[in-house]
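Tertiary structure, described
Chain by chain, the residues:
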Amino acid sequence: MPVFFKKNFLFVFLIFISYNLHSEQRNNPQTDFKKIIALKDTGNIYQEMLNDKSDDLMENHPSEDIYNNIWTSERLNPYKVPIDSLPDSIHVNLSHFHIPVPGAVTSEFGPRRYRFHYGIDLRLNVGDSVLAAFSGKVRIIDYEGHGYGHYVVIRHDNGLETVYAHLSKVLVNLNQRVKSGELIALGGNTGRSTGPHLHFETRYIGNAINPATIINFITGKVITENYLITKKKTFYYQTEVKAVQLAKYYKVRQGDNLGSIASRNGTSVKNLCRLNGIKQKTLIRPGQRLRVR
Ligand SMILES: [Zn+2]
């Protein structure tokens, strides 16, 4: 075989192989499916956001950019975006805020005995008006008997999402657009609630932000109209969440004492006292729960 023919043959052969590889990729539904998944991967949104230097990103309906068309009423946090993957700082436009209910704060955001309280509780009477904090669109209307009771989640144009829980009656429809200050529900005492109140949460892509860092609940106004979310400051509570998750409790039985509880749970009396804010001489009674870790 002449040399030039050999070369050409090799060339044609390579083109043939290359074409087949590409056409296989094009026609393989699994590859296409993976591509779709990759597009929907929320973890990539933030890289895109960072790369997008357009100035109007934060001003005109940024929620569409931020949430990358993910719109589902299935879960409160379908995004599962770890705080670590958020940009270092994000501006949120808090103008046109309206306080959801004028009541006093009855429980703060932060660790509770067995869990973490991701919102703030505001006093109200059953049947009181609950108003939308900002303009936006109703994403979730649901009922959780052992949790939120009747609740509503709104995605706001400024990129935040807010949760309104323990409601007695919901007055909006799913996917309905609402204006800031619009009546969305009546306050109540449904779900895991020991008295009428509004459980109110503010979230950014699923991650809770302490509402008290956004809103002054005494004046009923936002602290600043140009709110800056920073990983360190805004999500300061992450270590507290981890502590709550690691915590383990023990129900005191007849005949127990701090020494026996400590050895049964692989800890020391000193540690038990520290975790529970008690002294070595403090009397413990059966049925009482003590934190052992
Ligand atoms: Zn609450």
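Small disclaimer: the values here were computed from a predicted structure and weren't measured. (Residues numbered from 1 in each chain as written. Predicted model: local features only at pLDDT ≥ 70, side-chain atom pairs only at ≥ 80, totals over all residues. Heavy atoms only, no water.)

What follows is about the overall build of the protein chain. Scanning the protein chain from N- to C-terminus turns up 8 helices and 19 strands. Each of the 293 residues in the protein chain was classed as buried or not, and the buried ones make up 41%. Partitioning the contacts of the protein chain with sequence separation of at least 6, the portion at a separation of at least 24 is 63%. A total accessible area of about 17300 Å² is found for the protein chain, and carbon and sulfur atoms account for 54% of it. (Helix = DSSP H or I, 4+ residues; strand = E, 2+ residues; numbered from the N terminus. Buried < 20%, exposed > 50% of the residue type's maximum accessible area, 1.4 Å probe, protein only. Contact = heavy atoms within 4.5 Å. Areas by Shrake-Rupley, 256 points an atom, 1.4 Å probe, with all protein chains shown as cover.)

A few words now on the confidence of the model for the protein chain. Put simply, the protein chain has an average pLDDT of 83, and 79% of its residues get 70 or more. Within the model, pLDDT remains below 50 along residues 9-47, and this stretch shows 21 contacts once partners closer than five positions in the same chain are excluded. Note on residues 49-59: pLDDT is under 50 here. Beyond four places in sequence and across chains, it has 10 contacts. (pLDDT = per-residue confidence, 0-100.)

Turning our eyes to something else, we now look at the coordination of the zinc ion. For the zinc ion, the protein coordination sphere consists of His117 (NE2), Asp121 (OD) and His199 (ND1), at 2.0 to 2.1 Å. Counting gaps between the donor residues of the zinc ion yields the pattern H-x3-D-x77-H. Of the two residues, His117 is situated in strand β4 (residues 116-117) and His199 in strand β13 (residues 197-204); the sequence distance between them amounts to 82 residues. His199 matches His117 in its accessibility class, with the two residues each being buried. (Donors = N, O, S within 2.8 Å, 3.2 Å for Na, K, Ca; no water.)

Turning our attention to the pairing of strand β7 (residues 136-144). In this structure, β7 lies alongside strand β11 (residues 177-178), joined through 2 bridges in antiparallel fashion. Bridge assignment links Gly136 to a residue of β11, and that residue is Val178. Bridge count between β7 and strand β8 (residues 149-156): 8 bridges; the pairing is antiparallel. Bridged to Asp142 within β8 is Tyr151. Here β7 folds back onto β8, and the loop between the two strands holds 4 residues. (Pairing = 2+ DSSP bridges.)

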